[in-house]
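Inside the fold
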Amino acid sequence: MKASPQNASPASSQPAQPVLQPPASRFDSKQAFRWFSRGYLGLIYALLYLPIIILVVMSFNKSKIGYKWGGFSLKWYQSLFENEAMIQAFLHSIWLGLAAATVSTFIGTLAALALHRYDFRGKGLLNGLLFVLMMSPEIVLAISLLALFLLVGFQLGFISLLISHITFCLPFVVITVFARLSSLDERLMEAARDLGASEFTMMRTVLIPVIFPAVMAGWLLAFTLSLDDVVVSTFVTGPSFEILPLRIYSMVRVGLKPEVNAVGTLLLAASLILVVISQLLLRKR
């Protein structure tokens, strides 16, 4: 017998419910921009630091061919330290950097104190000229210094290099020390004066200890700039005084030697150490 419509089950009489599909994922513009920013930043860092990493790795390469890895070796560092001309150029660079950094730090500290504490005619002009010197291309500064030395009949050598390095290091020292003086609490010096301290005693016991980290940071920065300079030194040096950057440049011009990778690695390590020490001194209070 056929079942009557009245006896049919209620479930079979109801229409089938449509299956709900999950909503389509929407395009998240913020997340896409975040991923794009990270990728772009990673590309920039790769372009900046990948050549330096390759330089450091190849300095330990046993093979003389730069693009072929022949195993780990320190032979190029040994060859570097046996090169008397390279060692002599390195000692010249250290002596020049120490002298330029010391003189520029002394003059720059006094200039920063004058710009911070005193009002005088031409103060704004002097402050602006410091930034102009910092932003000027090195080739312009080099040609200007060379023209000056030739005009006055100055013999090119150590003294011309020293004057030139002091010139381009000086603005960086002034800006570094002046930034520390700008954040100095003037009430410290006022308190020292109220307690009967003379101007010399106040500077010796209050001012100099407070700005000393910035002074040392400026000295380290000037030493690093002097040690790494090539453009200005190429124009104002003489045949009797060769420094390390120019020695390396002359070696690269005739062909890339493995010793250059070792020299570059040592200079990179020295620069990083000086930068870290400089930042630690700036953070010290």
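Residues numbered from 1 in each chain as written. Predicted model: local features only at pLDDT ≥ 70, side-chain atom pairs only at ≥ 80, totals over all residues. Heavy atoms only, no water.

Focus on the overall build of the chain
Secondary structure summary: the chain contains twelve helices and zero strands in total. Counting over 285 residues, the chain shows a buried share of 32%. Taking the intrachain contacts of the chain between residues at least 6 apart in sequence as the baseline, contacts between residues at least 24 apart amount to 72%. Working note: accessible area of the chain is about 18,800 Å², and carbon and sulfur atoms make up 69% of it. (Helix = DSSP H or I, 4+ residues; strand = E, 2+ residues; numbered from the N terminus. Buried < 20%, exposed > 50% of the residue type's maximum accessible area, 1.4 Å probe, protein only. Contact = heavy atoms within 4.5 Å. Areas by Shrake-Rupley, 256 points an atom, 1.4 Å probe, with all protein chains shown as cover.)

Considering the packing of helix α7 (residues 158-182) against helix α9 (residues 199-228)
At a closest axis distance of 9 Å, the pairing of α7 and α9 adopts a crossing angle of 150°. Compared by their axis directions, α7 and α9 come out roughly antiparallel. Where α7 crosses over α9, the handedness of that crossing is right-handed. Residues H165, F168, C169, F172, V173, T176, V177, R180 and L181 of α7 touch α9, and the partners they reach there are L207, V210, I211, A214, V215, A217, G218, L221, A222, L225 and S226. Across the contact of α7 with α9, the residue classes tally to 15 nonpolar, four polar and one charged. (Axes fitted to C-alpha atoms, helices over the stretch in contact; angles between N-to-C directions. Parallel < 35°, antiparallel > 145°, perpendicular 65-115°, else oblique. Left-handed = near helix turned anticlockwise from the far one by under 90°. Nonpolar A, V, L, I, M, F, W, Y, C, P; charged D, E, K, R; others polar.)

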